[in-house]
Amino acid sequence: MTQAPTPTADTVRRLVRSLLKESANGTPGPDVRPVAEGGEHSTWWVGTRHVLRLAPDREAALRRRCELRLRDLVRPHLPVAVPTSVAHGEWAPGLTYTLDIAIPGGTAEEHDVSAVGEADLAGLLTGLREVPVRQAETLGVPRTPPRSLEALRRMAVAAAERLAAADEFDPGRLHQLTPPGAAQLAAQPGAAVLAHHDLKGEHLVVSADGRVRGVLDWTGTAVGDPAEDIAGLALAVGSGAAVRAATLAGYGARPCLRGLWLARCDTVIRLTDRLEGRDDSPLQLLRIRLGRAWETILLERVTELREDPEDDEQL
């Protein structure tokens with residue numbers, strides 16, 4: 001099996017010169033520099049107006065091809081921007097690229113989301129639920145089964161004990177989620193919606209005034225559990241804001257609590273993996289996400305979940 005080439009600044013410059021008119025006639029063209037988030041050099045800033053994304057392998061290339069079609073499907077349903085490509089093709093045999101127009105703004109790691117921004121997130125969740133699932137699947141979007149919250153809880157309990165030994169976390173906090181509670185928060189039949197599945201902070205474009213202006217990277221999108229996107233927002237903007245946005249979008253207590261506990265268990269497991277050398281994510285970022293996911297919110301006091309017809313529709 002041939003090893004995929006590693007993209008370099010020279011690779012990007014040559015490709016950009018072939019794509020952008022301003023790079024013609026022997027002029028140097030715009031500056032190129034790798035995007036720092038994620039530690040990968042497969043995404044590059046091209047000047048101030050474009051972003052070049054290079055698929056590092058054939059699996060990623062397949063996802064990028066699907067993403068191009070998917071973005072056109074979801075765009076009419078969302079109140080926030082979805083990247084638009086001005087060019088796409090192959091930068092190496094079988095490996096795709098997309099040259100996208102940059103959406104102005106920072107990330108949710110750089111700017112706090114305001115109350116109006118939470119309404120933008122609610123519109124995002126609402127719009128995703130409105131995207132026809134069958135159409136998405138015909139484009140190649142996979143269907144992902146819901147995760148077992150009880151299995152995740154058990155993993156988190158074991159991880160929390162190791163975090164306690166490192167003085168990173170109080171494992172008693174996980175006692176709030178009991179086995180019966182995890183069972184009660186299991187995903188319900190008929191729940192599947194189109195879920196972005198990676199709503200972390202660097203994928204939310206946020207303006208200086210706290211409005212959410214766009215959502216990036218749709219390569220992980222799947223038909224599946226809507227609580228996964230609520231969990232993603234808990235990591236990106238905090239549990240309180242995530243639950244308020246989901247509630248504004250019409251989700252009831254069950255999917256909100258499920259998303260909250262998915263996020264909490266995930267952050268405990270990920271931080272443990274990082275401390276024990278199984279994860280190379282930035283340590284400080286994992287600690288920040290742990291704090292966001294474990295924000296105390298009033299919804300945690302709900303001990304009985306009635307069978308809400310609205311929940312049944314969404315779950």
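Structural notes, computed from the coordinates. Per chain, residues are indexed from 1 in the order of the written sequence. Whole-chain, interface and lining totals are the exception, using all residues; otherwise, since this is a predicted model, local features are given only for residues with pLDDT of at least 70 and side-chain atom pairs are given and counted only at 80 or more. To obtain the side-chain values, all non-hydrogen atoms of the structure were included, while hydrogens and water were left out.

1. Looking at the overall build of the protein chain
Quick note on the threshold: Per the convention used, a helix needs a DSSP run of H or I reaching at least four residues, while a strand needs a run of E reaching at least two, with both numbered from the N terminus. Three labels apply to residues, based on accessible area from a 1.4 Å probe with only protein chains included: buried if under 20% of the type maximum, exposed if over 50%, partly exposed otherwise in between. Should any heavy atoms of two residues lie within 4.5 Å, those residues are considered in contact. Here, Shrake-Rupley sampling with a 1.4 Å probe gives the accessible areas, and only protein chains in the shown set may cover a residue.
The number of helices and strands found in the protein chain is 11 helices and 10 strands. Taken across its 315 residues, the protein chain has 50% of its residues classed as buried. A separation threshold of at least 6 residues defines the contact pool for the protein chain, and within that pool the share at least 24 residues apart is 74%. Here the protein chain has roughly 15,300 Å² of accessible surface; of this, 52% comes from carbon and sulfur atoms.

2. Some details on unusual backbone geometry
For Asp-167, which is not a glycine, the phi torsion comes out positive at approximately 60°. Not every positive phi belongs to a glycine, and Asp-217 is a case in point at roughly 55°. You can see Asp-217 is positioned in the loop between strand 9 (212–215) and strand 10 (222–224). On the accessibility criterion, Asp-217 (22% relative accessible area) is partly exposed.

3. Remarks on the sheet that holds strand 9
This is how the line gets drawn: Whether two strands pair comes down to DSSP finding at least two bridges between them.
With respect to topology, three strands assemble into an open sheet ordered 6-8-9, the strand pairing being antiparallel. Looking at which strands have only one partner, the edges of the open sheet turn out to be strand 6 (106–107) and strand 9. Relative to strand 9, strand 8 (residues 204–206) runs antiparallel, the two sharing three bridges. Considered in strand 9, the bridge of Val-205 is made with Gly-214.

4. Quick look at the packing of helix 3 (residues 115–130) against helix 8 (residues 239–248)
Selection criterion: Working convention: axes come from line fits to C-alpha atoms, limited for helices to the stretch in contact. Angles between N-to-C directions cover 0 to 180 degrees. Each angle receives one of four descriptions, namely roughly parallel if under 35 degrees, roughly antiparallel if over 145, roughly perpendicular if within 65 to 115, and oblique otherwise. Put simply, a crossing is left-handed when the front helix is turned counterclockwise from the back one by less than a right angle, and right-handed when it is turned clockwise. Only Asp, Glu, Lys and Arg are considered charged, only Ala, Val, Leu, Ile, Met, Phe, Trp, Tyr, Cys and Pro nonpolar, and every remaining residue, Gly among them, polar.
Relative to each other, helix 3 and helix 8 sit at 55°, their axes nearing to 8 Å. Relative to helix 8, helix 3 is oriented oblique. Remark: the crossing between helix 3 and helix 8 carries right-handed chirality. Every residue of helix 8 that contacts helix 3 at Glu-118, Ala-119, Leu-121, Ala-122 and Leu-125 is listed here: Ala-241, Arg-244, Ala-245, Ala-246 and Leu-248. Residues of the contact of helix 3 with helix 8, tallied by class, amount to eight nonpolar, no polar and two charged.

5. Quick notes on the environment of Val-215
As for its placement among the helices and strands, Val-215 is situated in strand 9. Sequence separation between Val-215 and Val-82 is 133 residues; the distance between their C-alpha atoms is 5.8 Å. Discounting residues that sit within four places of it in the chain, Val-215 has contacts with Val-80, Ala-81, Val-82, Pro-83, Leu-124, His-196, Leu-199, His-203 and Leu-204.

6. Side note on the pattern of salt bridges
Put simply, the test is: Put simply, a salt bridge is a Lys or Arg side-chain nitrogen that is within 4 Å of an Asp or Glu carboxyl oxygen.
Under the criterion given, the structure shown has 26 salt bridges. The residue Arg-65 makes a salt bridge to Glu-90 at a minimum N-O spacing of 3.1 Å. Of this pair, Arg-65 sits in helix 2 (residues 58–74) while Glu-90 is found in strand 4 (residues 85–92), placing the two residues 25 residues apart along the sequence. For Glu-90, a relative accessible area of 45% gives the class partly exposed. Among the salt bridges present, the one from Glu-276 reaches Arg-162, with a minimum N-O distance of 2.7 Å. Remark: Arg-162 occurs in helix 5 (residues 149–165) and Glu-276 occurs in the loop between helix 9 (253–275) and helix 10 (283–293); sequence separation between them is 114 residues. Assessed through its relative accessible area of 39%, Arg-162 is described here as partly exposed. Each of Arg-53, Glu-67, Arg-71, Asp-100 and Asp-217 takes part in one network of salt bridges that share partners.

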